[in-house]
Amino acid sequence: MNTFTHIAKNRFLKNWALMLFASLSLAACDGDNAEPVDTYQYYPLEVGRYAIYDVREEVYSTGQANPVIRNWQEKDQIERVAVNAEGISTYTYSRSTRNKAGEYWTKVKEFAVQKFPDKILTNIDNQIFFSMAFPIDMRMSWNGNTYNNLDKEEYHYEDLGSPAKVGDRDFEKVLNVVERNDSSIINRYIGIKQYALGVGLISDLQTSFEFCQTEACIGSGKIDSGTRKTRKIVEFGAE
């Protein structure tokens, strides 16, 4: 009897422990009714992956009543990857352009993206930008110009995991990287990129305005000079 009781008790304790472990595991996975997310997938990198964007650029000039507006498409595609002795991967992108959908693409440049355990660096037009920092933390900020000679710009994250709509496409989980958001009565500088989980960059807004500063119009918000450029994703996939 003593032997049977001891064995039964051990079995009961073992089963109870397994049930507790299973419950804790499910709770950890469920969290706030959300599945665990690999945040590195906000910037997915693999050879053949591509994205096509509608691009609009507005150029304002002093003395001109209306801006000069240009529209075109850009295609960014990962052509190859190289891994160094430290295990750091460098992905080479090609960028091609065309005036409108249906025309042939013309390759205009290449740029590189390096993936480190704690960051993403983008080397484009001989300038290196600190595009993302990992692990993603909404309280953190970093200097996006750490690796170039430009003025310091404090990047930070906003709206992690929020839904967003770009054009006619809906994305369930989106992350905003705010590169700059400065406004005054004399100028406005904005840089905001949106990344969708499993897709990458879905929109990019870059604004640099100088407002009218004469006595008659200062504070009115009238644009004297500057540019506004937007990129919005229209297609993505892998080839």
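For the structure itself, look to the data block above.
Just so it is clear, the structure is predicted and the values come from calculations on it, not from any experiment.

Right, let's get into the state of the cysteines. If you walk through the whole model with that rule in mind, you get one disulfide. Covalent S-S linkage joins Cys212 and Cys217, the inter-sulfur distance amounting to 1.6 Å. Since a negative S-S torsion denotes a left-handed disulfide, the Cys212-Cys217 link at about -55 degrees is left-handed. Accessibility expressed as a relative area gives 12% for Cys212, which makes it buried. The class for Cys217 is buried, based on a relative accessible area of 12%.

Turning our eyes to something else, we now look at unusual backbone geometry. Excluding glycine, residues mostly carry a negative phi; peptide bonds, for their part, are mostly trans. Here the amide bond leading from Phe134 into Pro135 is cis, since omega sits at -5 degrees, within 30 degrees of zero. The residue Pro135 is located in the loop between β6 (127–133) and β7 (141–143) in this model. Positive phi outside glycine occurs at Asp125, with the angle close to 55 degrees. Relative to the elements of secondary structure, Asp125 occurs in the loop between β5 (119–124) and β6. Of note, the phi angle at Asp159 is positive, near 55 degrees, even though the residue is not glycine. Take Asp159: it is sitting in strand β8 (residues 154–166). A relative accessible area of 42% places Asp159 in the partly exposed class.

What counts, and where the lines are drawn
- Residues numbered from 1 in each chain as written.
- Predicted model: local features only at pLDDT ≥ 70, side-chain atom pairs only at ≥ 80, totals over all residues.
- Heavy atoms only, no water.
- Disulfide = S-S within 2.5 Å.
- Buried < 20%, exposed > 50% of the residue type's maximum accessible area, 1.4 Å probe, protein only.
- Helix = DSSP H or I, 4+ residues; strand = E, 2+ residues; numbered from the N terminus.

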